[in-house]
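# Notes for the structure review
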Amino acid sequence: MWRIRRLHSLLLRLLSPKVVRLTFACKCFGSNNKQIDNRFQFFANKNPKKSFVLFHNQPEIFGYEMPPGRGTTTTLTTTQLYINISILSLGLNAVYVAYLVNSGHLYDTGKCWSSHVVLLLPAIELLKDLFVRKAFMLDGAARASLTSGITSTTGSSKNAKGTTKKSSPLGDSGGIVGIIFGSIVFYAFVCLILGAPLDQYEETVSLASVLTSLTIFPIVLFLGHTETMRLLFSESLELRSSLANGYLNLLKNNCIGVILGAWGASVVAPLDWDRPWQVYPVPNVVGAIAGAFGMNVFTLLSTTYFALTNDRRKRGMV
């Protein structure tokens, strides 16, 4: 009888947050305690998906801080994320522009109601989001307490009776559509204020759709509509892992490049060159894509430079 009670108490201590945090620390940074390692192995066997996501991808949920000198893995992963996403974005944008030029659809970018070329940009962002989630297993959920963090990661929540309740994909899709529609209306209003022709509605909507596809749409895909609203109407948004925060900063920087590129390309519109690519909104669309391209080039070069510099410093110190 006493053995059953001892086993029961061991299981309770095994699944408690304190033991889980300790097992995670010992497993990641080395431990000679075989009893703790066995507990970790038992928890991983019972909950393989949860243990992988929480222990390997999001240690910040448990409030565990990495000791000095142990942050190399996170830094390398962030560097790999920046480099991979930058290269992928450069390749996809280059292919998209080459398709527009070679197929003669460059001047159809202002005709969203009769041309499909504008719809290719959201498809590109979907591919990038899929790559990030599959390759780096990122989660766009915000930082929360231990209980809510575990619930969000497993994709379900429990009510007062203890039953599991999953989020509705239809409700989430409705929120995403609402944010995208509001973003298109906002960008169209800004374009009209900055001097867009009042009688060219289709062209203005096309430009607003391109700007939304390159700025708001990737963020909504990554965060969801709830966290996106928090990001738009708050000063900052802290995600669960530092890697997810780094990817969110990368998306913010791309937004800056897209907006600056679209705005800076307006300088060619009033010139009297009488070129077909000067017709509104072709230069603005090309400028937005060029702005995203330039920001990705800057991210790739700066990340590579700092990675090489840090590597040289470490070798010099050794």
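This structure is a prediction, so every number in the text was calculated from the model and none was measured. (Residues numbered from 1 in each chain as written. Predicted model: local features only at pLDDT ≥ 70, side-chain atom pairs only at ≥ 80, totals over all residues. Heavy atoms only, no water.)

## Some remarks on the overall build of the chain
Scanning the chain from N- to C-terminus turns up 13 helices and two strands. Counting all 318 residues of the chain, 39% fall into the buried class. Within the structure as shown, the chain displays about 19,000 Å² of accessible surface, and the carbon and sulfur contribution to it stands at 64%. (Helix = DSSP H or I, 4+ residues; strand = E, 2+ residues; numbered from the N terminus. Buried < 20%, exposed > 50% of the residue type's maximum accessible area, 1.4 Å probe, protein only. Areas by Shrake-Rupley, 256 points an atom, 1.4 Å probe, with all protein chains shown as cover.)

## Some remarks on unusual backbone geometry
Backbone torsion omega between Tyr280 and Pro281 reads 5°, so that peptide bond is classified as cis. Within the secondary structure, Pro281 is located in the loop between helix H12 (242-264) and helix H13 (282-317). Despite not being glycine, Met137 shows a phi value in the positive range, around 50°. The residue Met137 is located in the loop between helix H6 (120-136) and helix H7 (146-154) in this model. The class of Met137 is partly exposed, set by a relative accessible area of 35%.

## With respect to the packing of H6 against helix H10 (residues 216-223)
One can describe the packing of H6 onto H10 by two numbers: an axis separation of 10 Å at closest approach and a directional angle of 35°. Along this stretch, H6 crosses H10, giving a crossing that reads as right-handed. Contacts from Pro122, Glu125, Leu126, Asp129 and Arg133 in H6 reach Phe217, Pro218, Leu221 and Phe222 in H10. Per-class residue counts for the contact of H6 with H10 are six nonpolar, no polar and three charged. (Axes fitted to C-alpha atoms, helices over the stretch in contact; angles between N-to-C directions. Left-handed = near helix turned anticlockwise from the far one by under 90°. Contact = heavy atoms within 4.5 Å. Nonpolar A, V, L, I, M, F, W, Y, C, P; charged D, E, K, R; others polar.)

## Here's the deal with the nonpolar core
A general trend in soluble globular proteins is that nonpolar side chains are found buried together. Formed by 28 residues in total, the largest nonpolar core has its most connected members in Tyr96, Leu211 and Leu214. Within the residue set of this core, elements represented by two or more residues are helix H5 (72-103), H6, helix H8 (169-193), helix H9 (201-214), H10, H12 and H13. With sequence-adjacent residues up to four places away left out, Leu211 is seen in contact with Tyr187, Ile216, Val258, Ala262 and Ala288. Ranked by size, the runner-up nonpolar core spans 20 residues in total, among them Tyr82, Ile85, Leu138 and Leu243. (Core = buried A, V, L, I, M, F, W, Y, C linked by side-chain atoms within 4.5 Å.)

## Some words on the pattern of salt bridges
Counted by the stated rule, this structure contains four salt bridges. Between Glu125 and Lys128 there is a salt bridge, and its shortest N-O distance comes to 3.3 Å. In this pair, Glu125 and Lys128 both sit in helix H6, three residues apart, roughly one turn of the helix. Here the two residues Glu125 and Lys128 agree in accessibility, since each one is buried. A salt bridge links Arg315 to Asp311; the shortest N-O distance between them is 3.2 Å. With a gap of four residues between them, Arg315 and Asp311 both fall in helix H13, about one helical turn apart. What makes Arg315 exposed here is its relative accessible area of 64%. On the basis of relative accessible area, Asp311 is assigned to the partly exposed category, the value being 32%. (Salt bridge = Lys/Arg side-chain N within 4 Å of Asp/Glu carboxyl O.)

## So, a nonpolar patch on the surface
Taken together, Phe189, Ile193, Leu194, Ile256, Leu260 and Trp263 make up a surface patch of nonpolar side chains, about 720 Å² in accessible area. Taken together, the elements giving at least two residues each to the nonpolar patch come down to H8 and H12. Residue contributions to the nonpolar patch peak at three residues, all from H12. Within the secondary structure layout, Ile256 lies in helix H12. (Patch = residues over 30% accessible without salt bridge, like charges linked within 9 Å, V, L, I, M, F, W, Y side chains within 5 Å.)

## Points about the packing of aromatic side chains
As enumerated under the stated definition, the model contains four aromatic pairs in all. On the numbers, 6.3 Å between centres and 80° between planes, the contact of Phe131 with Phe136 is edge-to-face. Ring geometry for Tyr305 versus Phe306: centroids 5.5 Å apart, planes at 65°, classification edge-to-face. (Phe/Tyr/Trp six-rings, centres within 6.5 Å; stacked < 30°, edge-to-face > 60°.)

## Comments concerning the environment of Asp129
Its location among the elements puts Asp129 in helix H6. Setting aside its immediate chain neighbours within four residues, Asp129 contacts Leu221 and Phe222.

## What to know about the side chain of Asn296
When you line up the elements, Asn296 lands in helix H13. You can call Asn296 buried: its relative accessible area is 1%. When near neighbours in sequence (up to four residues on either side) are disregarded, Asn296 contacts Ser86, Ser89, Leu90, Asn93 and Asn254.

## A look at the side chain of Thr79
Inspection of the secondary structure puts Thr79 in helix H5. According to the relative accessible area criterion, Thr79 is buried, its value standing at 19%. Sequence-distant contacts of Thr79, that is, excluding residues within four places in its chain, are made with Thr303 and Ala307.

## Comments concerning the confidence of the model for the chain
Per-chain confidence: the chain averages 75 in pLDDT, with 66% of residues scoring 70 or above. This stretch, residues 10-44, has a pLDDT under 50; its non-local contacts, to residues over four places away or in other chains, come to 40 contacts. Every residue in residues 145-171 is under pLDDT 50, and counting partners more than four places away or in other chains gives 30 contacts. (pLDDT = per-residue confidence, 0-100.)

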